[in-house]
Amino acid sequence: MAEVTVKQLAETVGAPAERLLAQMKEAGLPHSSADESVTEDQKQTLLAHLKRAHGSREEAPSKITLKRKTVSTLRTDRGRGKAVAVEVRKKKTYVKRAATVTGEEAPPEGELDRLKAEEARLEQERQDAEAARRAEEEARKAEADQRVAEQAKREAEERAKKEAEEAERKRLEEEAAALKEAAAAVAAAEAEQATVEKRGGTSSKAAGKRKERVPEREERARKEWRGDEDGRGKRRAGTLSRDRLAQRKRRSSRGLPQTQGFERPTEFIVRDVEVPDDGLTVGELASRMSVKAGEIIKRLMGMGVMATINQPLDQDTAVLVVEEVGHRAKLVSADQLEQDHLELIKIEGEEKPRPPVVTVMGHVDHGKTSLLDYIRKTRVASGEAGGITQHIGAYHVETGHGVVSFLDTPGHAAFTQMRARGAQVTDIVILVVAADDGVMPQTEEAVQHARAAGVPIVVAVNKMDKEGADPDRVRNELSGRGVVPEDWGGDTQFVHVSAMTGDGIDDLLESLLLQAEVLELKAVPDAPGQGAVVESRLDRGRGPVATLLVRNGTLKKGDFIVAGEHYGRVRAMLDENRQQVESAGPSIPVEVLGLSGTPDAGDEFAVVEDERRAKELVEFRRSRTIENRFKLQQAARLDGLFENIGEGETPTLNIVLKTDVRGSLEALTSAVNEISTGEVKANVVSSGVGGINESDANLAVASKAVVIGFNVRADASAKKIIENEGLDLRYYSIIYELLDDIKASLSGMLAPELREEILGVAEVRDVFRSPKFGQVAGCMVIDGTIHRNKRIRVLRDDVVIYEGELESLRRFKDDVNEVRQGFECGIGVRNYNDVRAGDKIEVFDVKEVARSL
């Protein structure tokens, strides 16, 4: 180990230099300054002195093992190959030496450990320096090998280039020589022809032969000039035209290269290939790797997979192919655009309290809209068709207790999806139950929706002003369904109200605001708006109109928004009183104009930065919807491929359905599909929001469909087509009337039920032979009436042995149409001659009975 100074040794053992000098002087060492060096023997002398001074004996030390690990990089194939990491591990064990003097006192254990640590540190530094030196030498060696390899590569390329140029030069010389020979042949033929023409005394026979040979030589020379052998103007492979040859000579005379400048890349380009999680086709994968599809198919065949260019590959298989070719696979999500959109619309900022969003739910005709009318001081219920709500209504009310946003949902059974949607976008649910009617099916459904959404319930026991009001019955029935009042030990508030007199309305509002305080509802108003689509419709004068409920942020006029598969710029915003507003904060419902279409109720909306981003996102969503719809159609076709074999076509009622709002369209479409059975089917071939137009009428003509308008009407052109083609056009404003008519139409399409009725039974007493009718059974009618023109069965021991028709029915010698009970008759059975005494002949009739759904 290298020598150290007294000062360095003092720092290593953690003691002052003056104290260490005093101890060294006591040990008999000649050191007087902190800068003097200390040898290894002097360290051992000092150590022995310290051991004696502390009164401890020098014992055999424990074993010390030092492990070292160095990592270096080597390159194969003289520096041109792949880099390989080499790890060298070393292990060295140290053992304390035995004491040289018996009875020597040992120094403190801590100081010995410090000395060993200093020794190990110096050894480690030496080894690190040696490893760094070796790594530097290896790097220099690898760099030199690489330079040598590059030089050899350049020399090989230059040799190949010179050889190619020499081969091209030789080929050009050969072509020039061939052209000279062809030109000489042509000149000789022309000279010989001229000589023949000058000689007049030659025999006609020899002249004729020479005239025949001259054209042959000329033609052969022309062929050699053109470079073909069949005379059709095609050059032989490897020859050049005269123009191209002259061009090459001019380039050569100017010193220009005679070959093209492009060279194929000699190094393989490694690409990052994106592989989506939903897979891709062989053709798409080949395009992303910039290779031919045949190469990918060959690789797949090597992996045991037979595929075509349009064969879809899953993500794992595609990754294996990419790595097999030598590229890097980059796993991406198919919904990356959606994920980026979610990242961009994350809201950050100071949260502030917001008004509660309250949804009113309950059974049909229990007074939900009337209760809201009293709170809003309006008359909405009186304007509803049939006195029932068929749309989701959104209202923003400023009460004396604070601001509250209400959503009014339909109570009819067909509007299940509307109620579920209302529960998902709300904070509190008011469950309205009529005190004189109790808990009904839609009441239970509303409780289930609220629980599924995790929303607290406030029960409003309505119609307390009626004589038959029984609030205790409501409490008992709801308690049996898990909604327990607070005064019974539960967590649900029950408020007795009357929508007609207004009793209990203030208590209901106080309960709502109390529940809102418990929930601590907050939002960030200073952020781009986000929320949900409550309802949408197509207005004739204003275009698509969507009712939006802002959940977070602030929606402003002029913002670009994306709602489902539609986008647009907010041209105008209106509140529930049709008044223009410039902005809408959290928990405020507004009507928005300016979207490209009517989004589905329940879709999420969000403000985006510009129109380009909105359009890109909407196109992506539409393409995904089309793909999913196509996959479902393909699956349905495959599932029903073998089920329909051997079966007749199912009677189908085609329907073209148009409604006023998107929510009603969704509810009606779902209800119509539920009416269908295995025997008859109602098929909505087209549906939409808005009036019935010419396109709808033409589609109905092509599909032979019934045109139904729910709160909408047909325009003049559509009416003309419908009248000319004799189509069925029906208007409805109440949903259950529409569904009843569809059920009646489908019932009429059902195949009738065949019911068998036994008309009479005759017992065979004897059998006779008739020359005209053959075998005749003499019978006694024991039950009912035997008819001549009805079907019969022959029973022997109460087992049917024959089924057919009567040949004749006589009483005495007269033909009769029927024979009643208690009379005898003769019966001839057609095409059956095995009737015996004791058999029974049963006469029956089959009747068709109309069925209904």
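Check the entry above for the structure.
Residues numbered from 1 in each chain as written. Predicted model: local features only at pLDDT ≥ 70, side-chain atom pairs only at ≥ 80, totals over all residues. Heavy atoms only, no water.

Draft legend 1. The arrangement of the overall build of the protein in detail. Scanning the protein from terminus to terminus reveals 20 helices and 38 strands. Buried residues in the protein amount to 39% of all 853 residues. Summarising the internal contacts of the protein: among those between residues at least 6 apart in sequence, 69% fall at separations of at least 24. Entry remark: accessible area of the protein is about 49,600 Å², with carbon and sulfur atoms responsible for 47%. (Helix = DSSP H or I, 4+ residues; strand = E, 2+ residues; numbered from the N terminus. Buried < 20%, exposed > 50% of the residue type's maximum accessible area, 1.4 Å probe, protein only. Contact = heavy atoms within 4.5 Å. Areas by Shrake-Rupley, 256 points an atom, 1.4 Å probe, with all protein chains shown as cover.)

Draft legend 2. Region of interest: the nonpolar core. Among the nonpolar cores identified, the biggest contains 24 residues, and Leu371, Phe406, Ile430, Leu508 and Leu512 are the most heavily contacted of them. Counting residues per element, the ones that place at least two in this core are strand S12 (357-362), helix H11 (368-376), strand S13 (393-399), strand S14 (402-408), strand S15 (428-434), strand S16 (457-462) and helix H15 (505-519). By residue number, the principal contributor to this core is H15, which donates six residues. Beyond its immediate sequence surroundings of up to four residues, Leu512 is in contact with Val358, Phe406, Ile428, Ile430 and Val458. If you look at the next biggest cluster of nonpolar residues, it comprises 22 residues, including Leu665, Val672, Leu738 and Leu739. (Core = buried A, V, L, I, M, F, W, Y, C linked by side-chain atoms within 4.5 Å.)

Draft legend 3. Representation of the state of the cysteines within the structure. Here the structure, examined in full by the defined rule, presents zero disulfides. For the unlinked cysteine Cys779, the closest cysteine sulfur is that of Cys825, found at 5.3 Å. Among the residues examined, Cys779 registers a relative accessible area of 3% and is labelled buried. (Disulfide = S-S within 2.5 Å.)

Draft legend 4. Structural view of the pairing of strand S22 (residues 560-563). Taking every second residue as pointing to the same face, both faces of S22 are buried, with Phe560 and Val562 on one and Ile561 and Ala563 on the other. As judged from the four bridges shared by S22 and strand S26 (residues 604-608), these two strands associate in the antiparallel manner. In the strand pairing of S26, Val562 is matched with Ala606. Counted along the chain from S22 to the antiparallel partner strand S23 (residues 566-574), the turn is two residues long, and its residue Gly564 has a positive phi close to 65°. (Pairing = 2+ DSSP bridges.)

Draft legend 5. Representation of helix H3 (residues 40-53) in the model. For H3, spanning 14 residues, the distance from its first C-alpha to its last is 20 Å, which sits close to the expected 20 Å at 1.5 Å a residue. Three or more residues of H3 are buried, namely Gln42, Lys43, Leu46, Leu47, Ala48, His49, Leu50 and Lys51. (Expected span 1.5 Å × (residues − 1).)

Draft legend 6. How the structure looks around the pairing of S16. The element S16 is extensively covered by neighbouring structure, given that six of its six residues are classed as buried. Side chains Ile457, Val459 and Val461 project from S16 onto one buried face, and the interleaved Val458, Ala460 and Asn462 project onto a second face that is buried too. Tracing the backbone out of S15, into helix H13 (residues 441-453) and back to the parallel element S16 gives a crossover that is right-handed. In the sheet, S16 pairs with strand S17 (residues 493-496) via four bridges, with the strands oriented parallel. (Right-handed = clockwise from strand over helix to strand, strands pointing away.)

Draft legend 7. Expanded view of the pattern of salt bridges. In the structure shown here, the tally under the stated rule is 43 salt bridges. Put simply, Arg133 and Glu137 hold a salt bridge, and the shortest N to O gap is 2.6 Å. Of this pair, Arg133 and Glu137 both sit in helix H4 (residues 109-198), four residues apart, which is roughly one turn of the helix. The exposure class assigned to Glu137 is partly exposed, which follows from its relative accessible area of 37%. Across the salt bridge formed by Glu757 and Lys847, the nearest N and O atoms sit 3.0 Å from each other. A residue pair is termed long-range when its members are at least 10 positions apart, and Glu757 in strand S31 (residues 753-770) and Lys847 in strand S38 (residues 840-849) qualify at 90 residues. Residue classification places Glu757 among the partly exposed positions, given a relative accessible area of 35%. By relative accessible area, which is 42% here, Lys847 ends up partly exposed. Overlapping salt bridges bring together Glu756, Arg791, Arg793, Glu803, Glu805, Glu807, Arg830 and Glu842 as one network. (Salt bridge = Lys/Arg side-chain N within 4 Å of Asp/Glu carboxyl O.)

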